[in-house]
Amino acid sequence: MKVAIVVQRYGADINGGAELHARYIAEHLAPHAEMRVLTTCARDYLTWRNEFPPGADQVNGIPVERFPVEHERSEADFGLRSDHVFSRRHSLDEELAWLDSEGPASPALIDRLRTSGGEFDFVLLFCARYYHAYHGARAAPDRAILVPTAERDAALGLALFGPVFRGVRAIMYNSPEEQVLIRAAASNEHVPGVVVGIGSEIPDSVEPKRAAAAFGLREPYLIYVGRIDANKGCGELFDFFIRYADTRPAAPTLVLVGKPVLKVPDHPRIRHLGFLDDRDKFDAMAGAAALVMPSYYESLSMVALEAWALGTPVIANARCDVLLGQCLRSNAGLYYAGAAEFAAVLDRLLDDRSLAATLGRNGRQFYQQQYSWPVIEGKYLDMFALLSSNRPAHRMEKLPGWLARRQRSIRPAAQLLDELPSGPVVGVVA
């Protein structure tokens, strides 16, 4: 069996959530199938500037083909187009122009996929909202399996994505919340889908004392791991934590691991360690009283799963449906919806060591049952087997004609998003 993975960026040192997700799937399915990655020459997700040379490459033993990006992203142009399609009545052509402006636009990559014929049995397309996933699904619909990694954002309300969600062979969802959201947006219950998510490369052993000695960490401390960005809720986290720490002399330290896009406050209880390698990151996470996840928008938090795999409780933003759902399903995390709840949750977790230990044990069990690699691999292989034994039962809808594409008859995407269901999913989605 031959499988292509199509993703916007790819590399051993590219650690974005969806890109790391794609690399893990490529490497873990390699023992079961002949894997190949089709990607762009971009490294930076903001500019999509061509930095890798085009052509053949190899990353951790996986063959990679890189294709040039036609143009860099203009933040000003993309911002204007986003405002238009999200907040005003618009046309399908304007949505397609938004998609091209978002990037990374690589017609050469799509041509490679369109002319691949029967070379690949299946094509895994990562990140529904990007150019390569949309056009890739239309180029090879009979082999396309979409991995949407979709958050609750206005792009889901765009009309151009509905036919793709309804036309691919199957969808591998990150969470039950994502599945419910996409089904409500696209009415695609007829498309085979499974909630699978992603595992991680958890070390066999960790040494929290090693991280404590290396970085001068004193327990108890909280840890945040990821891009330090207002879009990840970090501004609100800083506000809540500083208000908490300024009223409690024995407050813990908030330890930050990751690249700063937002200025880190100068506060005696906040430590920024920068980017850490995996050994130091996992050691520091294992020694933390809790991992804090302040994000409002996630399709699946890999770092929360990593914390649970290490037996570390999670404190999550309750206004993120996915994080709240994960906490409820795992019984391994607490959650807050404001500054007062943040303080109460933190006090409870720090004061009740028995509760913290129970949350940690529940987290380990949840990860092993739902996100260990045998479970993840099995779900992909089961889907391949299902699709191999059944002919496509539906077709990709054709694009409307020239005139229809230019009629400004589509409602603002943000309005449509507001009408979609919200909240965590606790039961099983059929």
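Structure shown above.
Owing to the predicted nature of the structure, the values given are computational and were not obtained by experimental measurement. In every chain, residue numbers begin from 1 and rise along the written sequence. In keeping with the model being predicted, local features are shown solely for residues with a pLDDT of at least 70 and side-chain atom pairs are shown and tallied solely at 80 or more, while totals for entire chains, interfaces and linings include all residues. By convention in this description, side-chain values take in all heavy atoms of the structure and omit both hydrogens and water.

S.K.: Please clarify how the sheet that holds strand β6 (residues 144–147) should be interpreted in this entry.
M.R.: In a beta sheet, neighbouring strands are held together by backbone hydrogen bonds and run either parallel or antiparallel to one another. Strand order in the open sheet formed by eight strands is β3-β4-β2-β1-β5-β6-β7-β8, with mixed pairing between adjacent strands. Sheet topology places β3 (55–59) and β8 (193–195) at the edges, where each strand pairs with a single neighbour. Pairwise comparison of adjacent strand axes, ignoring direction, gives a mean angle of 25 degrees for this sheet. With four bridges joining them, strand β2 (residues 34–40) and strand β4 (residues 62–67) adopt parallel strand pairing. Within the sheet, the bridge partner assigned to L38 lies in β4 and is E65. Here helix α4 (residues 107–114) sits on the sheet in contact with β1 (2–6), β2, β4 and β5 (122–126), set at roughly 150 degrees to β2. Packing against the sheet, helix α7 (residues 176–186) makes contact with β7 (170–173) and β8, and its axis sits at approximately 140 degrees to β7. Any two strands are treated as partners once DSSP identifies two or more bridges connecting them. Secondary structure elements follow DSSP: runs of H or I of four or more residues count as helices, runs of E of two or more count as strands, with numbering from the N terminus. Lines fitted to C-alpha atoms define the axes here, with helix axes fitted over just the stretch in contact, and angles between the N-to-C directions of these axes take values from 0 to 180 degrees. The contact definition used throughout considers only heavy atoms, calling two residues in contact when any of these lie within 4.5 Å.

S.K.: Whenever I open this one, the nonpolar core confuses me. Can you help?
M.R.: The nonpolar side chains of soluble globular proteins are, as a tendency, buried together. The biggest cluster of nonpolar side chains holds 66 residues, and the ones touching the most others in it are I5, I25, L124, I223, L291 and Y380. Here this core takes seven residues from helix α11 (residues 302–309), the largest share from any one element. One finds A4, F78, L96 and F165 within the second-largest nonpolar core, a separate group that totals 48 residues. What we call a nonpolar core is a set of buried Ala, Val, Leu, Ile, Met, Phe, Trp, Tyr and Cys residues that are connected through their side-chain atoms within 4.5 Å. Burial classes follow relative accessibility: with a 1.4 Å probe on protein chains only, a residue under 20% of its type's maximum area counts as buried, one over 50% as exposed, and anything between as partly exposed.

S.K.: Could you clarify how one ought to interpret the pattern of salt bridges in this entry?
M.R.: Side chains that carry opposite charge are capable of pairing whenever their charged atoms lie near each other. Each salt bridge in this description consists of a side-chain nitrogen of Lys or Arg and a carboxyl oxygen of Asp or Glu lying within 4 Å of one another. Under the counting rule described, the total for this entry stands at 30 salt bridges. Across the pair E119 and R112 runs a salt bridge, and its minimum N-O distance is 2.9 Å. The closest approach of N and O atoms between E419 and R411, which form a salt bridge, is 2.5 Å. Judged by relative accessible area, which is 30%, R411 ranks as partly exposed. Salt bridges sharing partners connect three or more residues here, namely R36, E65, R112 and E119.

S.K.: Can you walk me through unusual backbone geometry in this structure?
M.R.: Outside of glycine, negative phi angles account for most residues, and trans bonds account for most peptide bonds. Cis geometry marks the peptide bond from G103 to P104, where omega comes out at -10 degrees. Structurally, P104 is set in the loop between α3 (92–102) and α4. The peptide bond linking E219 to P220 adopts the cis configuration, its omega dihedral lying at -5 degrees. Relative to the helices and strands, P220 resides in the loop between α8 (208–215) and β9 (221–225). Backbone geometry at W48 places phi at a positive 60 degrees, although glycine is not the residue there. Looking at the secondary structure, you find W48 in the loop between β2 and β3. Phi at N60 is positive, roughly 50 degrees, even though this residue is not glycine. Residue position: N60 is located in the loop between β3 and β4.

S.K.: So what exactly am I meant to see when it comes to the side chain of R405 here?
M.R.: Residue placement: R405 occurs in helix α16 (residues 402–405). Accessibility expressed as a relative area gives 19% for R405, which makes it buried. Excluding its chain neighbours within four sequence positions, the residues that come into contact with R405 are S91, L92, D93, L96 and P400.

S.K.: Please clarify how helix α10 (residues 278–287) should be interpreted in this entry.
M.R.: An α-helix turns once per 3.6 residues; consequently, residues spaced three or four apart project the same way. Counting buried residues along α10, seven of its ten residues qualify, which places the element largely inside the surrounding structure. What α10 keeps buried is the set D280, K281, F282, D283, A284, M285 and G287. On its buried face, α10 is in contact with α8, β9 and α11.

S.K.: Sorry if this is basic, but what is going on with the environment of P54 here?
M.R.: With respect to the helices and strands, P54 occurs in the loop between β2 and β3. Look at P54 and you get exposed, because its relative accessible area is 57%. Residues P54 and V69, spaced 15 residues apart in sequence, show a C-alpha to C-alpha distance of 9.7 Å.

S.K.: Please explain the sheet that holds β9 as it appears in this structure.
M.R.: With parallel pairing, six strands are arranged side by side in an open sheet as β11-β10-β9-β12-β13-β14. Here the strands that pair on one side only, and so sit at the sheet edges, are β11 (270–274) and β14 (333–336). Averaged over all pairs of adjacent strands, the angle between their axes in this sheet comes to 25 degrees, without regard to strand direction. Two strands pair when backbone bridges link them, and β9 and strand β12 (residues 290–293) are joined in this way by two bridges, in the parallel orientation.

S.K.: Quick question: what am I supposed to make of the environment of L386 here?
M.R.: Among the structural elements, L386 can be located in helix α15 (residues 373–388). The exposure class assigned to L386 is partly exposed, which follows from its relative accessible area of 40%. The spatial distance from the C-alpha of L386 to the C-alpha of P192 is 9.0 Å, given a sequence separation of 194 residues.

S.K.: Where do I start with α15 in this structure?
M.R.: Across its 16 residues, α15 extends 22 Å between first and last C-alpha, which sits within 8% of the 22 Å expected from 1.5 Å per residue. All buried positions along α15 are accounted for by W373, I376, E377, Y380, M383, F384 and L387. Taken around the axis of α15, the buried residues stretch over an arc of 125 degrees, which confines them to a single face. Facing away from the buried side of α15 by over 90 degrees, the exposed positions are P374 and D382. Here a helix's expected span is defined as the number of its residues, less one, multiplied by 1.5 Å. Throughout, the arc means that of the directions going from the helix axis to the C-beta atoms.

S.K.: Just checking my understanding: could you explain the state of the cysteines for this structure?
M.R.: Working definition: the covalent bond between the sulfur atoms of two cysteines is a disulfide. When two cysteine sulfur atoms are found within 2.5 Å, that pair is recorded as a disulfide. Scanning the model with the defined rule gives zero disulfides in all. In this model C320 remains outside any disulfide bridge; the closest cysteine sulfur is found in C327, 9.4 Å from its own.

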